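Residues per chain are reported as follows:
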Amino acid sequence: MTTARDSFVIDRDQDTLLNRIRLFKNSKYSDNELHSFFQINKKKGWSIRKAWNMLQVIPDSNLNKFILPVLYRPFDVQWIIYHDSVVWRTVKRVMCHMMQDNLGLITPKQFKEKPGAFVTQAVMGHKTVSAYDINYLFPLYLYPDIDNKDLFSHRKQSEKREGNIKPEFLARLSEIFEKEPTPEEIFHYVYAVLYSKIYRKKYAEFLKMDFPRIPFTKNHKLFCKMQGYGKRLVDLHLLKSSELDSSVAKFQGKGDNKVEKVKYGQGRVHINNDQFFEGISPEIWGYQIGGYQVCEKYLKDRKGRLLSLDDIRHYCKVVTAIEKTIEIQKGIDGLYPEIEKETVDF
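What to know about the overall build of the protein
Reasoning step 1: Of regular secondary structure, the protein possesses 13 helices and 17 strands.
Reasoning step 2: Relative to the 2.2 N^0.38 estimate, which gives 20 Å for 346 residues, the radius of gyration of the protein is 22 Å and therefore close to what a compact globule would have.
Reasoning step 3: Relative to its 346 residues, the protein shows a buried fraction of 48%.
Reasoning step 4: In the protein, the proportion of contacts linking residues at least 24 apart, taken out of those at least 6 apart, comes to 66%.
Reasoning step 5: As presented, the protein carries roughly 17800 Å² of accessible surface, and 48% of it is formed by carbon and sulfur atoms.
Reasoning step 6: Distance between charge centroids for the protein: 5 Å, based on 56 positive and 44 negative side chains.

Details of unusual backbone geometry
Negative phi values dominate among residues other than glycine, just as trans dominates among peptide bonds.
Reasoning step 1: A positive phi is found at Gln 39, a non-glycine position, where the angle reads about 55°.
Reasoning step 2: Residue position: Gln 39 is located in the loop between helix 3 (31–37) and helix 4 (48–55).
Reasoning step 3: Backbone geometry places Leu 239, a non-glycine residue, at a positive phi of 55°.
Reasoning step 4: Relative to the assigned elements, Leu 239 resides in the loop between helix 10 (220–237) and strand 12 (250–252).
Reasoning step 5: By relative accessible area, Leu 239 is classed as buried at 18%.

Points about the pattern of salt bridges
Reasoning step 1: Counted according to the given criterion, the structure contains 14 salt bridges.
Reasoning step 2: Among the salt bridges present, the one from Lys 25 reaches Asp 60, with a minimum N-O distance of 2.9 Å. Separated by 35 residues along the polypeptide, Lys 25 in helix 2 (residues 14–25) and Asp 60 in the loop between helix 4 and strand 3 (67–73) bring together distant segments of the chain.
Reasoning step 3: Since its relative accessible area comes to 6%, Lys 25 is described here as buried.
Reasoning step 4: Taking the relative accessible area as the measure of exposure, Asp 60 reaches 28% and is therefore partly exposed.

Regarding helix 10
Reasoning step 1: Helix length check: helix 10, at 18 residues, gives a terminal C-alpha distance of 25 Å against a target of 26 Å (1.5 Å per residue), a fit within 8%.
Reasoning step 2: Burial in helix 10 covers these residues: Leu 222, Phe 223, Met 226, Gln 227, Gly 230, Leu 233, Val 234, Leu 236 and His 237.
Reasoning step 3: Looking at the packing, one finds that the buried side of helix 10 touches strand 7 (118–120), helix 6 (167–177), helix 7 (183–194) and helix 13 (309–341).
Reasoning step 4: Backbone geometry just downstream of helix 10 places Leu 239 in the positive-phi region, at approximately 55°.

Some remarks on the state of the cysteines
Reasoning step 1: All chains considered together, the criterion is met by zero disulfides.
Reasoning step 2: Looking at the unpaired Cys 295, the closest cysteine sulfur is the one in Cys 316, lying at 10 Å.

What counts as what
- Residues numbered from 1 in each chain as written.
- Predicted model: local features only at pLDDT ≥ 70, side-chain atom pairs only at ≥ 80, totals over all residues.
- Heavy atoms only, no water.
- Helix = DSSP H or I, 4+ residues; strand = E, 2+ residues; numbered from the N terminus.
- Rg over C-alpha atoms; globule rule 2.2 N^0.38 Å.
- Buried < 20%, exposed > 50% of the residue type's maximum accessible area, 1.4 Å probe, protein only.
- Contact = heavy atoms within 4.5 Å.
- Areas by Shrake-Rupley, 256 points an atom, 1.4 Å probe, with all protein chains shown as cover.
- Lys, Arg positive; Asp, Glu negative; His and termini not counted.
- Charge placed at Lys NZ, Arg CZ, Asp CG, Glu CD.
- Salt bridge = Lys/Arg side-chain N within 4 Å of Asp/Glu carboxyl O.
- Expected span 1.5 Å × (residues − 1).
- Disulfide = S-S within 2.5 Å.

Quick look at the structure:
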């Protein structure tokens, strides 16, 4: 999904985004003035006047209907005005499935940078996991369009959905395991494999050329152990795990909480001369998901802003989630060699 300009259609604050879109919609500026005032670069094939005209048919009171949560970067959920006028490629045929209860796997097709994958419960941007690779979203469940017209019919909460898993694949696993695995269990297993360092190293060259291929073990007990690790990772990465209740990081110092210059040293991440996060090991600080160094990226994206209490708590949870992820990856690599010994033939 690509946009007119991320800073225009995406914001950390829902009300700020809504007010900006209303201002744009009701503006009397010329085309050039609109580009200048809202800092939207001109792009071939996209007309700012056409975008303005498309918004005119929407009453101001209904604009909030099009504002949705979006996974902007790893661990960074923001808000987007999800409308064809300002989003060039909405990819509705895929994103519509993320507007109800769902999980989505994000992974590039080709890794120019480090391999990476992430989970989402929301729609996603085109650079969520990697800044240089095309990011793809694989919803766990597929939902029908209730009235075949309204993209936002998710508000009716349809219960009719199907697992986005090939029937023949599921039948083969069920035959081998003598039990049908749930779509969630398969999702968790895949997620665990994608976080195996052994897997990433062994298939490094292949991952530069095509989507990751996942080896499935014939051993049901091993499958269950792997999917257990995957479930822990998913819960951590969605910041919904009870393992995050006790944070490894603390925010220290007195000041206005403004992110001025992000600097790391001696287990501390300074955001200005007087305030810092402590309890962050070099391994956590340097940890990358896809092409992003997570702990650094989150703060740098907020340079010049004041961190709220929620921002500080969120960052501490992210640090803790990364520490737990590193621990879990060691457990996954302890099991992964056994998967390669006896895999399912599809």
